[in-house]
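Per-entry structural report
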Amino acid sequence: MQQPLTTTPLPPAAPALSRDTTHAALRAAAYALHAYPGPVGELIDRELRSYVDSGHAAHPAALPARLIATLAAAESREPTAAPGRDNTSGLPARYRPGSPLQWEYGTSS
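One structure accompanies this document, and this report is about it. If you're wondering where the values come from, they're calculated on a predicted model, not measured in any experiment. (Residues numbered from 1 in each chain as written. Predicted model: local features only at pLDDT ≥ 70, side-chain atom pairs only at ≥ 80, totals over all residues. Heavy atoms only, no water.)

**Considerations on the pattern of salt bridges**
Under the convention used in this document: Salt bridges are identified by distance alone: a Lys or Arg side-chain nitrogen within 4 Å of an Asp or Glu carboxyl oxygen. What counts as a helix is a DSSP run of H or I of at least four residues, what counts as a strand is a run of E of at least two, and both are numbered from the N terminus. The classification of residues rests on relative accessible area computed with a 1.4 Å probe and restricted to protein chains. Under 20% of the type maximum is buried, over 50% is exposed, and intermediate values are partly exposed.
If you walk through the whole model with that rule in mind, you get 2 salt bridges. Put simply, Arg49 and Asp45 hold a salt bridge, and the shortest N to O gap is 2.9 Å. Of this pair, Arg49 and Asp45 both sit in helix α2 (residues 39-54), separated by 4 residues, roughly a single helical turn. Of the residues examined, Asp45 reaches a relative accessible area of 13% and is grouped as buried.

**Notes on α2**
The following threshold applies: One less than the number of residues in a helix, times 1.5 Å, gives the span that helix is expected to have. The directions from the helix axis to the C-beta atoms are what the arc is built from. Note on contacts: a residue pair qualifies if any of its non-hydrogen atoms lie within 4.5 Å across the two residues.
When the terminal C-alpha atoms of α2 are compared, their 22 Å separation across 16 residues agrees well with the 22 Å that a helix rising 1.5 Å per residue should span. Inspection of α2 places Gly41, Ile44, Asp45, Leu48, Tyr51 and Val52 among the buried residues, and these make up the whole buried set. For α2, the arc enclosing every buried residue in end-on projection is 125°, short of the 170-degree limit, so these residues lie on one face. Away from the buried face of α2 by more than 90 degrees, exposed residues Pro39, Leu43, Arg46 and Asp53 are located. For α2, the elements touching its buried residues are α1 (19-35) and α3 (63-77). Two residues or fewer past α2, Gly55 is found with a positive phi of approximately 80°.

Dropping the structure here:
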């Protein structure tokens, strides 16, 4: 007598990444390359890009989600390290990170 085939149920599929999460991950990857030059920034960039390429949303406690949150917070504290904002030498004032709209003005000598 032949045994009936038993199949194990498949685990539920992970939800797909939203456009907002994809945008946040790619922005965090670009910020990491500028804020952490060298192998560390490249490693963070590679991790976040592979997360986006997978197309599946991660658990909030997973590494990609924590990296995105940490880099977004760092960018809000230090926006001058963000991509495209490296050249601030010609500006008359510089934002003081963490302050409520306070600016530091350079003096001419």
